[in-house]
Amino acid sequence: MKKIVVIAAAGVGSRLGFGMPKCLVEVKGHRIFEYQLEALDWADEIRMVVGYHADEVVKQVSAYNPNVKFVHNKEYSTTNLRQSYFLGAQGIAEKALFLDGDTIISKSTSSMFCKEYEAGQDFIAVVKTLSDNPIYAGVQDGKVQWFSYERQSEYELANAAFMAAERLEYINTLFYIQLEKYLPTKAIPVDSLEIDTPVDLDYAQKIIAEHPEEYDFWRR
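Residues numbered from 1 in each chain as written. Predicted model: local features only at pLDDT ≥ 70, side-chain atom pairs only at ≥ 80, totals over all residues. Heavy atoms only, no water.

K.L.:
So what's going on with the overall build of the protein? Residues and values would help.
P.N.:
Counting its regular elements, the protein contains seven helices and 13 strands. Radius of gyration (C-alpha) of the protein: 16 Å, near the 17 Å computed for a compact globule of 220 residues. Projected onto its principal axes, the C-alpha coordinates of the protein cover approximately 40 × 40 × 35 Å. In the protein, buried positions account for 53% of the 220 residues. (Helix = DSSP H or I, 4+ residues; strand = E, 2+ residues; numbered from the N terminus. Rg over C-alpha atoms; globule rule 2.2 N^0.38 Å. Buried < 20%, exposed > 50% of the residue type's maximum accessible area, 1.4 Å probe, protein only.)

K.L.:
Quick one: what's the story with the environment of E118, residue by residue and with numbers?
P.N.:
By the secondary structure assignment, E118 is in helix α4 (residues 107-119). With 26 residues separating them along the chain, E118 and I92 place their C-alpha atoms 16 Å apart. Here K3 takes part through its side chain, which lies 3.3 Å from a polar atom of the side chain of E118. (Polar contact = N/O pair within 3.5 Å; in protein donor to acceptor, adjacent residues only side chain to side chain.)

K.L.:
With reference to specific residues and values, describe the pattern of salt bridges.
P.N.:
The final tally for this structure, using the stated rule, is 15 salt bridges. Between D196 and K22 there is a salt bridge, with its nearest N and O atoms 2.7 Å apart. Within this pair, whereas D196 is found in the loop between β13 (192-194) and α6 (198-210), its partner K22 is found in the loop between β1 (4-9) and β2 (26-27), the two being separated by 174 residues in sequence. Take K22: its relative accessible area is 15%, and that puts it in the buried class. The closest approach of N and O atoms between K206 and E210, which form a salt bridge, is 3.0 Å. You can see K206 and its partner E210 sitting in helix α6, four residues apart, about one turn around the helix. (Salt bridge = Lys/Arg side-chain N within 4 Å of Asp/Glu carboxyl O.)

K.L.:
If you had to explain the packing of aromatic side chains to someone new, which residues and values would you point to?
P.N.:
A full pass over the atoms with the stated rule returns 13 aromatic pairs. Considering the side-chain rings of W42 and Y117, the 6.0 Å spacing of their centres and the 70 degrees angle between planes classify their relative orientation as edge-to-face. With W42 in the loop between α1 (32-39) and β4 (45-50) and Y117 in helix α4, this residue pair connects regions lying 75 residues apart in the sequence. Given the relative accessible area of 15%, W42 is considered buried. Assessed through its relative accessible area of 1%, Y117 is described here as buried. The positively charged end of K107 is found above the aromatic ring belonging to F217, 5.8 Å away from the centroid. Sitting over the ring of Y182, R167 keeps its end group 4.0 Å from the ring centre. (Phe/Tyr/Trp six-rings, centres within 6.5 Å; stacked < 30°, edge-to-face > 60°. Lys NZ or Arg CZ within 6 Å of the ring centre and 35° of its normal.)

K.L.:
Describe the pairing of strand β9 (residues 136-140), naming the residues involved and giving the relevant values.
P.N.:
Here β9 pairs with strand β10 (residues 143-148) via five bridges, running antiparallel. Counterpart to Q140 in the pairing with β10 is K143. Adjacent in sequence and paired antiparallel, β9 and β10 are bridged by two residues, among which D141 carries a positive phi angle near 55 degrees. (Pairing = 2+ DSSP bridges.)

K.L.:
Describe the packing of α1 against helix α2 (residues 54-64), naming the residues involved and giving the relevant values.
P.N.:
Contact geometry for α1 and α2: axes closest at 11 Å, N-to-C directions at 40 degrees. The angle between the axes of α1 and α2 places the two elements in the oblique class. The two elements α1 and α2 cross, and the hand of that crossing is right-handed. Across the interface between the two elements, F33, E34, L37 and E38 from α1 touch Q60, V61 and Y64 from α2. Taken together, the residues of the contact of α1 with α2 break down into four nonpolar, one polar and two charged. (Axes fitted to C-alpha atoms, helices over the stretch in contact; angles between N-to-C directions. Parallel < 35°, antiparallel > 145°, perpendicular 65-115°, else oblique. Left-handed = near helix turned anticlockwise from the far one by under 90°. Contact = heavy atoms within 4.5 Å. Nonpolar A, V, L, I, M, F, W, Y, C, P; charged D, E, K, R; others polar.)

What follows is the structure in C-alpha cells.
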C-alpha cells in the first residue's frame with residue numbers, strides 16, 4: 001500500500017500571533033514543518049495544503065524537501081482544517097493519514113503511525129495533554145465513541161486520522177463532525193505537541209528540551 005500523508009498548513013495562525021503560517025514557526029531551532037517531514041520520512045508521498053503566505057511556505061518546504069507536493073486552498077481565510085484535508089485528498093484512491101500542520105509528533109508516535117498505516121485499519125489520534133478548548137474524545141474498548149466540548153474525558157482529539165480519502169466532504173464545519181459519522185473508530189493515543197498559542201509554544205519548547213530522544217530527529 002502506498003503511504004500518503006496530507007498535512008493541512010493553510011491557516012493564518014491568528015491565535016499564535018506571529019504573522020506567519022504556524023508550520024514556519026521555529027521550535028528549539030527547527031521549524032514545525034521540519035519536525036513533521038523528519039517524522040514522516042516513511043511516507044511514500046507527502047502533500048501539504050497551503051494558503052496563507054503560500055509562496056513562502058512552498059519556498060521553504062521545497063528547499064528542505066523537494067519531493068513534497070503542494071495543494072492550494074485559495075479560500076483559506078474562510079475555511080478550516082476539514083476543507084484543507086478534503087482538497088489534499090483529491091485524487092487519492094485509497095486511504096491516507098491526515099495531520100494538522102501545527103502539530104509536532106514524537107518518534108514513538110511516528111513509528112506507531114507507520115505501523116498502523118500498514119495494518120490498514122482506520123484510526124483517530126487522541127492525546128492526553130488537554131488544550132485550552134479541547135474537543136473531548138470518549139474512548140472505550142480501544143475506540144473513540146463520541147466527541148464533545150462539554151462532556152469531559154481524559155482524551156481529546158489530536159486532529160489526526162487515518163481514513164479513506166473519499167469519506168471527506170467539502171463542508172464548512174469542523175473536522176470532528178466529519179469523523180463522527182464513522183464512530184466508533186479505533187483510538188490511537190499519541191505523543192503530540194499542538195502549537196496553537198504562545199503558551200503552547202513555550203510548553204513545546206520545554207518538552208522537546210526535556211525529551212530530545214523523542215523529538216530531536218537530527219541526533220545521529
